[in-house]
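Each chain, written out:
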Amino acid sequence: MNQKTLLLTLIILISCLLPVGTDIYAPSLPAVASSFNISIHQAQLSMAIYMLSVSVSLFFYGALSEVYGRKKPLITGMVILSIGSLICFYSTGLTGLMIGRAIQGIGAGACKLIGAMLKDGFDDNEMAKVTSYLHIAVGIIIPFAPAIGGVLQHLYHWHASFMFITAYSLICLSIIICLLKETSQHHHKDRIKIRYIVSTYRTVLTNPLFLVYATCNLLTFGALFSWASALPIVFQHTLGYSARNYGLVIFITSAMGCLLGSFSNTRLIKRLSHQTIIQTGWALVGLSGLFMLIGHSIAGTRATLILIPIFIFQYGTALVWPYTFIGAFKPFTKLAGYASAMFAATQLFGGFALGALVAYLPDRNGVPLSVIFIAVAIICLFIHHLFAKPLLAHYEEQ
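Keep in mind it's a predicted model, so treat the numbers as computed, not measured.

Rules used throughout
- Residues numbered from 1 in each chain as written.
- Predicted model: local features only at pLDDT ≥ 70, side-chain atom pairs only at ≥ 80, totals over all residues.
- Heavy atoms only, no water.
- Disulfide = S-S within 2.5 Å.
- Axes fitted to C-alpha atoms, helices over the stretch in contact; angles between N-to-C directions.
- Helix = DSSP H or I, 4+ residues; strand = E, 2+ residues; numbered from the N terminus.
- Parallel < 35°, antiparallel > 145°, perpendicular 65-115°, else oblique.
- Left-handed = near helix turned anticlockwise from the far one by under 90°.
- Contact = heavy atoms within 4.5 Å.
- Nonpolar A, V, L, I, M, F, W, Y, C, P; charged D, E, K, R; others polar.
- Patch = residues over 30% accessible without salt bridge, like charges linked within 9 Å, V, L, I, M, F, W, Y side chains within 5 Å.
- Areas by Shrake-Rupley, 256 points an atom, 1.4 Å probe, with all protein chains shown as cover.
- Salt bridge = Lys/Arg side-chain N within 4 Å of Asp/Glu carboxyl O.
- Buried < 20%, exposed > 50% of the residue type's maximum accessible area, 1.4 Å probe, protein only.
- Arc of directions from axis to C-beta.
- Core = buried A, V, L, I, M, F, W, Y, C linked by side-chain atoms within 4.5 Å.
- Phe/Tyr/Trp six-rings, centres within 6.5 Å; stacked < 30°, edge-to-face > 60°.
- Polar contact = N/O pair within 3.5 Å; in protein donor to acceptor, adjacent residues only side chain to side chain.
- Lys, Arg positive; Asp, Glu negative; His and termini not counted.
- Charge placed at Lys NZ, Arg CZ, Asp CG, Glu CD.
- pLDDT = per-residue confidence, 0-100.

1. Points about the state of the cysteines
Phase 1 of the analysis: Counting across every chain of the model gives zero disulfides.
Phase 2 of the analysis: In this structure Cys 380 is not part of a disulfide, and its nearest cysteine sulfur, from Cys 216, lies 4.3 Å away.

2. A few points about the packing of helix 3 (residues 40-68) against helix 11 (residues 208-238)
Phase 1 of the analysis: Running from N to C, helix 3 and helix 11 cross one another at 155°; their axes reach a closest spacing of 12 Å. If you check the angle between helix 3 and helix 11, you find them roughly antiparallel. Classified by chirality, the crossing of helix 11 by helix 3 is right-handed. Counted together, Ile 40, Gln 44, Met 47, Ala 48 and Met 51 of helix 3 and Phe 221, Phe 225, Ala 228, Ser 229, Ala 230, Ile 233 and His 237 of helix 11 form the full contact between these two elements.
Phase 2 of the analysis: Classifying every residue of the contact of helix 3 with helix 11 gives nine nonpolar, three polar and no charged.

3. What about the side chain of Ser 288?
Phase 1 of the analysis: Locating Ser 288 in the fold gives a position in helix 13 (residues 274-299).
Phase 2 of the analysis: Discounting chain neighbours no more than four positions away, the residues touching Ser 288 are Pro 309, Ile 312, Phe 313 and Phe 373.

4. Notes on the packing of helix 11 against helix 12 (residues 243-268)
Phase 1 of the analysis: Between helix 11 and helix 12, whose axes approach to 10 Å, the crossing angle comes to 130°. What the angle tells us is that helix 11 and helix 12 run oblique. Crossing of helix 11 over helix 12 shows right-handed handedness. On helix 12, the residues that touch Trp 227, Leu 231, Pro 232, Phe 235 and Gln 236 of helix 11 are Ala 243, Tyr 246, Val 249, Ile 250 and Ser 254.
Phase 2 of the analysis: Residue composition of the contact of helix 11 with helix 12, grouped by class: eight nonpolar, two polar and no charged.

5. Digging into a nonpolar patch on the surface
Phase 1 of the analysis: Together, Val 56, Phe 59, Phe 60, Leu 64 and Tyr 68 give the surface a local cluster of nonpolar side chains, amounting to about 450 Å² of exposed area.
Phase 2 of the analysis: Residue class for Tyr 68 comes out partly exposed when judged on its relative accessible area of 35%.

6. Some words on helix 2 (residues 29-36)
Phase 1 of the analysis: All buried positions along helix 2 are accounted for by Leu 29, Pro 30, Val 32, Ala 33 and Phe 36. One side of helix 2 holds all its buried residues, which, seen down the axis, span an arc of 160°.
Phase 2 of the analysis: Positive backbone phi, approximately 55°, marks Asn 37, located one or two places after helix 2.

7. Structural notes on the nonpolar core
Phase 1 of the analysis: Core analysis: the largest hydrophobic core is formed by 121 residues, its most contacted members being Trp 227, Leu 231 and Phe 373.
Phase 2 of the analysis: Tallying contributions element by element places helix 11 first for this core, with 18 residues.
Phase 3 of the analysis: The residues touching Leu 231, leaving out its near neighbours within four places in the chain, are Tyr 246, Ile 250, Ile 306, Ile 310 and Leu 369.

8. As for the environment of Val 198
Phase 1 of the analysis: Locating Val 198 in the fold gives a position in helix 10 (residues 194-205).
Phase 2 of the analysis: For Val 198, a relative accessible area of 43% gives the class partly exposed.
Phase 3 of the analysis: In the structure, Val 198 is positioned 27 residues away from Ile 171 in sequence and 34 Å away in space, judged by C-alpha atoms.

9. Regarding the packing of aromatic side chains
Phase 1 of the analysis: In total, this model carries 10 aromatic pairs according to the counting rule given.
Phase 2 of the analysis: Ring plane angle 85° and centroid distance 6.2 Å describe the contact between Trp 158 and Phe 162, whose orientation is recorded as edge-to-face.
Phase 3 of the analysis: On the basis of relative accessible area, Trp 158 is assigned to the buried category, the value being 1%.
Phase 4 of the analysis: Here Phe 162 falls in the buried class, since its relative accessible area comes to 0%.
Phase 5 of the analysis: Judged by centre distance (4.4 Å) and plane angle (25°), the rings of Phe 313 and Phe 373 are stacked.

10. Describing the environment of Gln 314
Phase 1 of the analysis: Here Gln 314 is to be found in helix 14 (residues 304-329).
Phase 2 of the analysis: On the basis of relative accessibility, which here comes to 4%, the residue Gln 314 falls in the buried class.
Phase 3 of the analysis: The spatial distance from the C-alpha of Gln 314 to the C-alpha of Ile 252 is 11 Å, given a sequence separation of 62 residues.
Phase 4 of the analysis: Apart from the residues within four sequence positions on either side, Gln 314 is in contact with Leu 224, Trp 227, Ser 254, Gly 257 and Cys 258.
Phase 5 of the analysis: Here Ser 254 takes part through its side chain, which lies 2.8 Å from a polar atom of the side chain of Gln 314.

11. A short note on a positive patch on the surface
Phase 1 of the analysis: Together, Lys 129, Arg 267, Lys 270 and Arg 271 make up a region of like positive charge exposed at the surface.
Phase 2 of the analysis: For Arg 271, a relative accessible area of 73% gives the class exposed.

12. As for unusual backbone geometry
Glycine aside, a negative phi is what most residues show, and trans is what most peptide bonds show.
Phase 1 of the analysis: Despite not being glycine, Asn 37 has its phi angle at roughly 55°, a positive value.
Phase 2 of the analysis: Within the element layout of this structure, Asn 37 appears in the loop between helix 2 and helix 3.
Phase 3 of the analysis: The exposed category is assigned to Asn 37, whose relative accessible area is 71%.

13. Some details on the confidence of the model for the chain
Phase 1 of the analysis: Of the residues in the chain, 92% reach a pLDDT of 70 or more, and the chain-wide mean stands at 84.
Phase 2 of the analysis: Averaged pLDDT values for the elements of the chain fall to 72 in helix 7 (residues 124-141) and rise to 94 in helix 13.

Written out as structure tokens, the structure is:
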């Protein structure tokens, strides 16, 4: 196995860990609420706090990766994530669970250094194809998480999901220590100065092209996290699904959407421009919301009328993710660690914000989700058309 293939394999494994931390736990939200005698809304907030702590931690990981490289911060993150997962496993109340989830998130933030590692290891010509392969693999692996979580709850208890995350993070830790070679060629200890860190983050965040793609990515991920947070309640409380059966149907639907979308992307990049593909992706996100809204107005809350839109949504976002990443990173080569941290932080803040919003919206049907999908698609298409195209043309002229 050559070095680039090994790097991509490790990136796939590490990149799946952060979303597994939410998706494996999602089917158990009703069981958590029942176990601790709390409301569903409080249980949902335990997912939002995970995303919030991840997004905050990224500012530190981004700076540390520019000082010490990518490997040492990754090792630190895996250790912290394992500790947080064990706290969740042994928690006996909401406070302990929230503390454990926050610590989990601080550790899981290190996983988002994969963006910098991709930039380190692959040139711009390789990036579109590599990120498509990454999303194909992730699209197969991550949808397994709700199914695994549902089975673990059925066989044992919802706590078992956190033992799974502990084992996963320790496996990643072992692989990082034994196999991962440092990918950064630009890190330096002089970059630990606070003034330099603040100045560099300001440079990244005020770059117009980065800001456009990071905003669109934030909204798209927020929509994805919204359905991951809301649908366990709809399926288990309204439609009567068990945690295991919900995990299974969501796995099949989500995996097929991600897989087919990512596979289509590897073919479309040979025929269409990046801009056409990404706009098609957002159009499909809006179509998924419209389908869900019309279906509910005609036939009420039915599993099929939710799962088909989720398939369309997943297919559409698989067309979006590679190009928001490529567009945001286009201005940055030597600051990949900072750009990666800021890009991921804005993405996950979107997950936190919309996830927290969903916790307070009606949770008995898919109508709030459909409105979110439609709104996100319209806003992203508008921002991209108005700002991204002229900015990209400017960078290509330089």
